[in-house]
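Take a look at the letters that make up each chain.
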Amino acid sequence: MAKINRRSFLQVSALAGGGFLLGLYSSKAAALAQGPQPAALAPTDFVSIASNGVVSITARNPETGQHSLNMLPMLVAEELDVDWKQVKIVRAGVDAKYGIQFTGGSTATPNNWDAMRQVGGAARQMLIAAAAQTWGVTVGECSTTAGSVHHKASNRSASYGELAAKAAQMPVPDFKTLKLKAAKDYKIIGTTTNDVENKDIVTGKPIFGIDVTVPGMLYAVFHKTPVPGGKVVSANLDAIKQLKGVRHAFVVEGKPRPSNFPNYLNDDPGLEAGIAIVADSWWAANSAREKLDVKWDEGKWAAQNSADIAKKADELSKQTPMRTLRKDGDVEAVFKRSDVKVVESQYVFPFIAHAPLEPQNCTAHFKDGKLELWSTSQTPQTGRTILSRLLGMPEKDITIHMVRGGGGFGRRLYNDYMCEAAWISKQVGAPVKLLWAREDDLQHDYYRSGGFQYLKAAVDASGKLVGWHNHFVGYGEGETFAHSAQVDGNEFPSRFVPNFVLQASVMPLGIKTGALRAPRSNVYAWVYQSFIDELAQAAGKDPVQFRLELLSNAPPAGTQGVMNAQRMMDVVKLVAEKSGWGKRQLPKGTAMGIGFHYSHRGYFAEVAEVTVSANKKIKVNKVWVAGDIGSQVINPGASENLTQGAVVDGMSEMLQEITLKNGRVVQSNYHQHPLVKMSQTPPIEVHWIKSNNPPTGLGEPALPPILPAIANAVFSATGERIRTMPMTKQGFSFA
Amino acid sequence: MIKLKVNGKNQQFDGDPEMPLLWFLRDELNLKGTKFGCGFGMCGACTIHLNGKPTRACLTPVSAAANASITTIEGISPDGSHPVQVAWQELDVPQCGYCQAGQIMSACALLAKNPKPTDADIDSAMNGNLCRCGTYLRIRAAIHQAAELKASAATKPAKAGAKASGAGTNFAPRKSGKQ
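Residues numbered from 1 in each chain as written. Chains lettered and ligands numbered in written order. Predicted model: local features only at pLDDT ≥ 70, side-chain atom pairs only at ≥ 80, totals over all residues. Heavy atoms only, no water.

Chemist: Would you explain the overall build of chain B in this entry?
Modeler: Along chain B, the regular secondary structure elements total five helices and five strands. The order of helices and strands in chain B, counted from the N terminus, is β-β-α-β-β-β-α-α-α-α. Residues counted as buried form 54% of the 179 residues belonging to chain B. Across chain B, the fraction of contacts at a sequence separation of at least 24, relative to all contacts at a separation of at least 6, is 59%. Surface summary for chain B: the accessible area is close to 7300 Å², and the carbon and sulfur share equals 51%. (Helix = DSSP H or I, 4+ residues; strand = E, 2+ residues; numbered from the N terminus. Buried < 20%, exposed > 50% of the residue type's maximum accessible area, 1.4 Å probe, protein only. Contact = heavy atoms within 4.5 Å. Areas by Shrake-Rupley, 256 points an atom, 1.4 Å probe, with all protein chains shown as cover.)

Now the structure itself:
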C-alpha cells in the first residue's frame, strides 16, 4: 500500500482534466474519455462517515438534470458496502483534487464507473484495516456487510461509524489491487434511487443558480451587441443612470475572439461588447434596459441573412467540393454501372438553440483581488481557466460553487454568462447576480449548426447498397469547421459501403455554434437514416431488413469509438420485435418508421408509429426504444425518465429553427422556438440490452434515432419524405 | 400601497405597480420557488394561484393582485406533504426540476376542481406548462397518483430520497474548499 503523493496527484489530475477537455468532441474524444483516470483519487475527499453511521458521499459532477448527483454516489456506496438509506449526498466544490468535474458528452458514467467504485472500494479497505488493527487480526479474516466490519472467528463486529476516525489514518490502498464486487452481488447498482433533491424541488427550495442570494447583492442585465463582434459607439448612459433603482450603467468593450472559430470550451473569452446595467432589483435593471438607446458599430457580420446562406449553399453544391474527408473505392464508376439504381436527395437543417428552461445566470463577487462565483456551468474547471485569463488573476484566487442548473443540453458547457458576471462584479465592486432574459438566451446562444447535405447513392440488382456519395455544405473557414459543426468520416454508413466518398464545403458564419445534446448526431441521424430508407425503397426491401443486411456487411473490427455492428443489429432486432414491426395491420394513414444511431458509445434503435391527418398533423401514437449502454443500467428509473425525455426533446427539434436577418437572430422566445407539449407526447416504451461491455452514458445517445423514426413513419403513412427541418416548412406539425 | 395576501400572510408593496408579481415574490419576499422561464407567459414555470386560479406571475402586474390571495409552491403544504408533492417524489418526476414548481401549481389547481381527471383533462390543463427535459409522461402519471392519494385521504409519508440527518466529520475532515 502506497501513500498518495498529493503533489503528483494534483499534477496528474490537472493534466487528465485539461487533456480531456481539449479533445472534447473531437474525433479523439471517445478514446480520451476512455483513457486513464487521474493516477489516484483520495477516498477521504469523497467519503465521510459520522459516528452515528451517516455516510456522506461527495458527487463531483455538475448536475443539470441527468441524476449524476445520485449516480456517482451510488457507485461509491456499492463498493463501500453501505445501505443507501445511510447515505447523505454532498455536492463537491470545484477543486482539482476531485479529478474531472464535467457534465457533457455522456461521460458521467464512463468517467466514473471505475473511479467511483474504486474510491468506495478503497474506503472499505481502510475501514477493514482499522478494524483488523483494533482487533489484532489480519484484514483477510474480516468481511463487511452494510456499514459494519466483522471478524467471524471471534464473533466481533464494529460499525463504520465507530471505525471512521481510525480508518482515516490508514494508508490508501493501491486502486489497482482492489478486488471489486462481482455484478451479481450488486445491491445498489441496478436499483432505482430517486433524485436526492426531489423534496427541495417540489417544495420550491432555492437550489438553482437563479435562486442564489448573497448579502449586499445587486442585480445586473447585460445588453449585448445584437450582431456578433459588434461594438458600442455611444449610448444614453447618463439618462439610464438617472432611472429609479439603477446604480451603474457602463460600456463593456468586450474581448475579441482569438480567431473566427476558436475552441469555445477553452479559448473563448466569453465577453461580447455591450452595456451592463446594475440596479437594486432585476426588474429595475431590465426596465432601464428598455429605455436604452445604443448606437452600434455592427461590424463585418451585419449583412448576413439566412436566405443568402441557402443560396450560397446551393451554388457550392454545384461546384467541386472544397475538401475530401474520406474516399473508399470508386463511387463514380459505380454510378455509371447499368445494373444499379441511383438515388439522389438533399436534406436541409437549420440552426437551433439549446434554450434550457432556466435562463443563463451567474452570481459573482469580486473582492480584494479574489473572485467567488455560484454557477450552473457544465465545465466549471474550464470556466475558471477562462476567467483567470480574462481577469488576469491566478486560478487559485477563483472559487466556484456548483449550483443545480435548470437544464443544460450543452449550453452550459460554455461560460460566457460566468465571464460577464465576474467582469461586472469587478467593475462595480459588489456582489452581482447577472440574469439573462429569455430573449438574450435565444439570441446569444452557441447554436446547433445548420447545414445542407447532398446525397447520391446506388443499390445493385440484389438490393445491396454499393455506392454512397455525400457532399456536406456547412460552416467554417478553410480547413476548419465551425465549432461542433463538422462531419466525420467514421459516421455510418462509412465502412459498410465499399464505394464511399464524403466531401465538404464551408461558408463563413458570424454567430457562434456549439454542442447541443448529441452534437451533430441529433441531426445527421435524421439525414442518413432517412436517406437509407429511400435506398431501402429503391431496393424494394423492408426498412428493417435493409438495415440489418447493411449492418451485416461487417467491416473489420472497428477502431475504438467506432460503432460495433453486432451491438447495433441486436438493438434493431429488439426494437423490431417489441414494436411488432411488420406484424401488425395498420389502418390507412397510420404507419411505422425506424431509425438507429450510434453516438457517445451508446447503441439505440427506435420505432415510431404515427397517424397523419389530411392537413398534415402528425399524431405520434407510440414510440419503442431499444438501447445498449453496456452491462449495467445503473439507475433504471432515472434512465427510463432520461430516455423518454430524449425522445420528447428530439420531437421538439423537428419544430425548431433559428434564422438570421441582418446578422442578428430573428427568434426571441418559445413561441418562435417551440417545445413539444404534454398532449403531443406519445407513450414511450424503453427496453435494454445488457451487453457484456463497460457501462456508458445516457445523456445523449437515445435522442438521435427518434427524428428519422418519425420522419420515416410519416413517409410510409403519406408518401411524402421530410427532407427539410423544421418539418413545418413542409407543412407538417404535431397533432 | 398595494396590499395582498401571500401564502396566508399579509404583505404590502409600494414600488412600481407594473412590476410583475414574479419579481415581487422572488426578490422582495424571497420566495424563490416560483421560476422565471420566458417572461412571456409561454412556459408556465412561474405559475401561482391567484384567488385559487392558476396564473402566470411573469405577466401579472403586482397591481392586478391588489387585495388578492396568492399561493405559491411554498404555500401548498408546510413540508411537502400535499398529495401532488408526494406523488411527484414517489414517481421521481423531475429531471432538471426547474419547471416542476409551475407544473405542480397547475396540477394542484386541476385536482382542486376535478378530483378524478382523465388523460385528456390532464393534457388540457397542463398544456401551458413546458418541460424542456420532457418529463410529461411522469407528470401525467403523478397527477393520477395524486388523485388516488387524495381520494384515499391516506397520504403516505413522502420518501425523502437519500436524505439522512447527521454530518460526517470523522473520516474526512473537510478543508475550506480552497486549493
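Chemist: Help me understand helix α16 (residues 521-539) of chain A, please; the structure alone is not making it clear to me.
Modeler: Structural remark: α-helix, 3.6 residues per turn; residues separated by three or four positions point the same way. Residue and element names in this part refer to chain A. Look at α16: 26 Å from first C-alpha to last across 19 residues, which is about the 27 Å you get at 1.5 Å a residue. Here α16 lies mainly inside the structure; 18 of its 19 residues are buried. Gly 540, located one to two residues past α16, shows a positive phi value of around 70°. (Expected span 1.5 Å × (residues − 1).)

Chemist: What should I look at first to understand the domain arrangement of chain B in this one?
Modeler: Interface size is commonly expressed as the accessible surface area that is lost when the partners come together. Residue and element names in this part refer to chain B. Splitting chain B by domain gives domain 1 (2-76) and domain 2 (83-155). Here the C-alpha centre of domain 2 lies 21 Å away from the C-alpha centre of domain 1. Listed by partner, the interface residues are 17 residues for domain 1 and 12 residues for domain 2. Both sides of the domain 1 and domain 2 interface together cover about 1200 Å² of buried area, and 63% of this is carbon and sulfur. On inspection of domain 1 and its partner domain 2, the count reaches zero salt bridges. Elements supplying a minimum of two residues to the side of domain 1 that touches domain 2: β3 (47-50) and β4 (53-56). With three residues, the single largest contributor to the side of domain 1 that touches domain 2 is β3. For the side of domain 1 that touches domain 2, the residue count by class is eight nonpolar, seven polar and two charged. (Domains from an automatic or database assignment. Buried area = accessible area lost by both parts, 1.4 Å probe. Salt bridge = Lys/Arg side-chain N within 4 Å of Asp/Glu carboxyl O. Nonpolar A, V, L, I, M, F, W, Y, C, P; charged D, E, K, R; others polar.)

Chemist: I keep staring at the nonpolar core and nothing clicks. Help me out?
Modeler: Note on soluble globular proteins: their nonpolar side chains tend to be buried together. Ranked by size, the top nonpolar core spans 200 residues in total, and within it Ile 277, Trp 468, Trp 526, Ile 710 and Phe 734 of chain A together with Trp 88 of chain B carry the most contacts. Looking at this core element by element, the count peaks at 11 residues for α16 of chain A. With 87 residues, the next largest nonpolar core counts Ala 115, Ala 130, Leu 163 and Phe 250 of chain A among its residues. (Core = buried A, V, L, I, M, F, W, Y, C linked by side-chain atoms within 4.5 Å.)

Chemist: Can you walk me through the side chain of Glu 272 of chain A in this structure?
Modeler: Residue and element names in this part refer to chain A. Along the chain, the position of Glu 272 falls in the loop between α9 (264-267) and β10 (274-279). Of the side chains with opposite charge, Lys 512 lies nearest to the buried Glu 272, which makes no salt bridge, at 4.2 Å. At 3.2 Å, the side chain of Glu 272 forms a polar contact with the backbone nitrogen of Gly 229. In this view, Glu 272 contacts Phe 222, Lys 224, Thr 225, Pro 228, Gly 229, Val 252, Gly 254, Arg 257 and Lys 512; residues no more than four positions away in its chain are not counted. (Lys, Arg positive; Asp, Glu negative; His and termini not counted. Polar contact = N/O pair within 3.5 Å; in protein donor to acceptor, adjacent residues only side chain to side chain.)

Chemist: Looking at this structure, I do not really get the pattern of salt bridges. What am I missing?
Modeler: When their charged atoms lie close together, side chains carrying opposite charge are able to pair. All names here are of chain A. Under the counting rule described, the total for this entry stands at 39 salt bridges over all chains. One salt bridge connects Arg 117 with Asp 114, and the closest N-O pair in it is separated by 2.8 Å. Note that Arg 117 and Asp 114 are positioned in helix α5 (residues 108-135) at a spacing of three residues, about one turn of the helix. Three or more residues are tied together by salt bridges with common partners; here these are Arg 91, Asp 195, Glu 197 and Arg 404.

Chemist: When you look at the interface of chain B and chain A in this model, what are you seeing that I'm missing?
Modeler: Listed per partner, the contact involves 66 residues of chain B and 87 residues of chain A. Across the chain B to chain A interface the summed buried area is about 6500 Å²; carbon plus sulfur atoms make up 57%. Across the chain B-chain A interface, the total number found is four salt bridges. Elements that contribute at least two residues to the side of chain B that touches chain A include exactly α1 (21-28), α2 (83-90), α3 (100-113), α4 (119-126) and α5 (136-152) of chain B. Across the side of chain B that touches chain A, the residue classes tally to 29 nonpolar, 20 polar and 17 charged.

Chemist: Just to check I follow, could you spell out the domain arrangement of chain A for this structure?
Modeler: Residue and element names in this part refer to chain A. As far as domains go, chain A holds domain 1 (20-197), domain 2 (212-300 + 360-435) and domain 3 (307-351 + 447-734). Spacing between the C-alpha centres of domain 1 and domain 3 amounts to 38 Å. Opposite the 28 residues of domain 1 that make contact, domain 3 presents 24 residues. Taken together, the connections running from domain 1 to domain 3 amount to zero salt bridges. Looking at the side of domain 1 that touches domain 3, the elements that each hand over two or more residues are α2 (29-33), α4 (68-80) and α5. In terms of residue count, α4 provides more of the side of domain 1 that touches domain 3 than any other element does, four residues in total. Among the residues making up the side of domain 1 that touches domain 3, the classes are represented as 13 nonpolar, 15 polar and no charged.

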